[in-house]
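Chain by chain, the residues:
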Amino acid sequence: VYRIGSISKLFTATSVMQLAERGKVDIDRPFVDYMPGFSIKTRFPNAPHITPRNMMTPHSGIPRAIMKGMWTPEPVGIEKLAKILKNDYAKFPPDSRWSYSNIAMALLGSMVETISGRKFADYTDENIFRPIGMTNSSFKMRPHMKGLLSKGYFRSEEGKLTALRDVPAGSMYSNVIDISRFAMMVFNGGRVGNNQVLKGETLEKMLTPQNDKVGLDFGVTMGLNWFLFNPFGFGEGAGKVAWHGGKTNYFNTILVTLPRPEQPRVGKG
């Protein structure tokens, strides 16, 4: 078990889309409708609203990170982020250019807490990890996982894990076996066994390009937190490529899936 870094964002987006399926979130409504304490300064009059959708694409203009207090033994809770951000400025007008943001995903995790009435780690345990069968995954180090925790090293020295404030953006613990079960859910239209984690049409939306009309993105094709461009050199027969990577202090991760490979052409004879 180890921290998977920004692959965590796929699970945060999954939790947001579950709430959307239940009619509790409209991802195209202003984010402030769900988080009244949220505000950010802007230099762009008449800019579009920041919405859950453009926070997931990511085109919200919310800054990438707030470094002060990001890595610390005792970080503030994600519910405090909205207050921390209120004196900061949007980098760009929403929906104008690709703008990666850990803060935006952490804010979406806080929204999940607010709407569900559950702590983010508890919500994802109950609604994603258990239904999928990801028994050694969580946004919180659970007691049964401690003995399975991998050690991280830097220049041959064992490192000490430091808590990350922006938990929904990059602090999930998991392992290869559990992540493969998540991939099974993706390949099977949102279902694992008897558990429908996401509707097939919801998953399809997440794997559909959201920014194909944004001229400043220069080939970075995004779904809802899924990267959909192909930097791996796969041929056309691979079909759609959906992936995300991650990096923490001691671990580098990547998840690459081919949800709909092209069917081989069968010749005559």
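Relevant structure appears above.
The structure displayed is predicted, hence computed values, not measured ones.

Participant: What is the right way to read the overall build of the chain from this model?
Facilitator: Along the chain, the regular secondary structure elements total eight helices and eight strands. Each principal axis of the C-alpha atoms in the chain carries an extent, and together these give about 70 × 50 × 40 Å. Considering the chain as a whole, with its 269 residues, one finds that 48% of them fall into the buried category. Of the roughly 13,600 Å² that the chain leaves accessible, carbon and sulfur atoms contribute 52%. For the chain, the distance from the average position of its 35 positive side-chain charges to the average position of its 22 negative side-chain charges is 3 Å.

Participant: Is there a simple way to think about the nonpolar core in this case?
Facilitator: General note: in soluble globular proteins, nonpolar side chains tend to be found buried as a group. Judged by nonpolar contacts, the single largest core of 58 residues is most densely connected at Phe11, Phe31, Phe38, Ile62, Leu107, Phe182 and Trp226. Looking at this core, the elements with two or more residues in it are α1 (8-21), α2 (52-56), α3 (81-85), α4 (102-116), α5 (120-132), α7 (176-187) and α8 (200-206). For this core, the element with the most residues is α4, which contributes eight residues. Excluding its chain neighbours within four sequence positions, the residues that come into contact with Leu107 are Phe31, Phe38, Met55, Ile62, Leu81, Ala82 and Leu85. By size, the runner-up hydrophobic cluster in this structure holds five residues, among which are Tyr100, Met222, Phe227 and Trp243.

Participant: What is the right way to look at the environment of Met35 in this model?
Facilitator: For Met35, the position within the fold is in the loop between α1 and α2. Take Met35: its relative accessible area is 8%, and that puts it in the buried class. Taking C-alpha positions, Met35 is 6.4 Å from Met111, a pair spaced 76 residues apart along the chain. What Met35 contacts, discounting residues up to four positions off in sequence, is Ser110, Met111 and Thr114.

Participant: Would you mind showing me how to read the layout of surface pockets here?
Facilitator: Remark: the empty space left among the atoms is shown by a probe the size of a water molecule rolled over them. Looking at the largest pocket, its volume works out to about 380 Å³. As for the largest pocket, its lining consists of 17 residues, and the residues nearest its centre are Glu113, Ala121, Phe139, Lys140 and Val167. At three residues, α5 tops the list of elements feeding residues into the lining of the largest pocket. Of the residues in the lining of the largest pocket, the class split is seven nonpolar, two polar and eight charged.

Participant: Explain the packing of α1 against α4 to me, please; I cannot follow it from the model alone.
Facilitator: Packed helix pairs are specified by the crossing angle of their axes together with the interaxial distance, meaning the distance between the axes. Orientation of α1 relative to α4, taken along the N-to-C sense of each, is 40°, at an axis distance of 10 Å. Looking at the two axes, α1 sits oblique to α4. The element α1 and its partner α4 pack so that their crossing is left-handed. On α4, the residues that touch Lys9, Thr12, Ala13, Ser15, Val16 and Leu19 of α1 are Asn102, Met105, Leu108, Gly109, Met111, Val112 and Ile115. Of the residues in the contact of α1 with α4, the class split is eight nonpolar, four polar and one charged.

Participant: I keep staring at the environment of Ile50 and nothing clicks. Help me out?
Facilitator: Position of Ile50 relative to the elements: it lies in the loop between α1 and α2. In sequence terms Ile50 and Ile27 are 23 residues apart; their C-alpha atoms lie 10.0 Å from each other. Excluding residues within four positions of it along the chain, Ile50 makes contact with Arg29, Pro30, Phe31, Phe38, Ile40, Met55, Ser60, Ile62 and Pro94.

Participant: Help me understand the environment of Asp125 in this model?
Facilitator: In this fold, Asp125 is placed in helix α5. Residues Asp125 and Lys140, spaced 15 residues apart in sequence, show a C-alpha to C-alpha distance of 9.3 Å. In this structure, Asp125 is in contact with Arg130, Pro131, Ser137, Ser138 and Arg142, ignoring residues within four places of it in sequence. In this structure the side chain of Asp125 is engaged in a polar contact, spanning 3.1 Å, whose partner is the side chain of Ser138.

Participant: Teacher, can you tell me more about the pattern of salt bridges here?
Facilitator: Any two side chains of opposite charge can pair, so long as their charged atoms come close to each other. According to the stated counting rule, one finds eight salt bridges in the structure shown. Here Asp33 and Arg29 are joined by a salt bridge, their closest N and O atoms 3.2 Å apart. For Arg29, a relative accessible area of 38% translates into the label partly exposed. With a shortest N-O distance of 2.6 Å, Asp125 and Arg142 are connected by a salt bridge. With a gap of 17 residues between them, Asp125 in helix α5 and Arg142 in the loop between α5 and β2 (153-154) connect regions that are remote in the sequence. Residue Asp125 shares its accessibility class with Arg142, and that shared class is buried. Through salt bridges with shared partners, one network takes in Asp122, Asp125 and Arg142.

Reading guide: rules and limits
Counting starts from 1 at the beginning of each chain's written sequence and moves along it residue by residue. Confidence filtering applies because this is a predicted model: local features only for residues at pLDDT of at least 70, side-chain atom pairs given and counted only at 80 or more, and all residues used for totals across whole chains, interfaces and linings. Hydrogens are left out, water is left out, and the side-chain values use all remaining heavy atoms of the structure. Secondary structure elements follow DSSP: runs of H or I of four or more residues count as helices, runs of E of two or more count as strands, with numbering from the N terminus. Accessibility here uses a 1.4 Å probe with only protein chains present; expressed as a share of the type maximum, an area under 20% marks a residue as buried, one over 50% as exposed, and anything in between as partly exposed. To be clear on the numbers: accessible area is Shrake-Rupley with a 1.4 Å probe, and residue cover counts the displayed protein chains and nothing else. Positive charges come from Lys and Arg, negative ones from Asp and Glu, while His and the chain ends are left out of the count. Charge placement uses NZ in Lys and CZ in Arg. For Asp and Glu, CG and CD serve respectively. By nonpolar core is meant a set of buried Ala, Val, Leu, Ile, Met, Phe, Trp, Tyr and Cys residues that side-chain atoms within 4.5 Å join together. Note on contacts: a residue pair is in contact if any heavy atoms of the two residues lie within 4.5 Å. Of the two site types, the cavity is a set of points on a 1 Å grid over the protein atoms alone where a 1.4 Å probe fits but cannot get out, and the pocket is an open set with protein on both sides within 12 Å along at least five of seven lines, each lined by residues with an atom within 4 Å of a point. Grid points are joined across faces, edges and corners, and a volume is the space filled by probe spheres set on the points. Classification used: nonpolar for Ala, Val, Leu, Ile, Met, Phe, Trp, Tyr, Cys and Pro, charged for Asp, Glu, Lys and Arg, polar for all others including Gly. Orientation is described by axes fitted as lines to C-alpha atoms, over the contacting stretch for helices, and by angles from 0 to 180 degrees between their N-to-C directions. Should an angle lie under 35 degrees it is considered roughly parallel, over 145 roughly antiparallel, and from 65 to 115 roughly perpendicular; all remaining angles are considered oblique. Left-handed is the label given to a crossing in which the near helix is rotated counterclockwise from the far helix by less than a right angle, and right-handed is the label when the rotation is clockwise. Nitrogen and oxygen atoms within 3.5 Å of one another constitute a polar contact, given that in protein one can donate a hydrogen and the other can accept it, and given that sequence-neighbouring residues count only through two side-chain atoms. We count a salt bridge whenever a side-chain nitrogen from Lys or Arg sits within 4 Å of a carboxyl oxygen from Asp or Glu.

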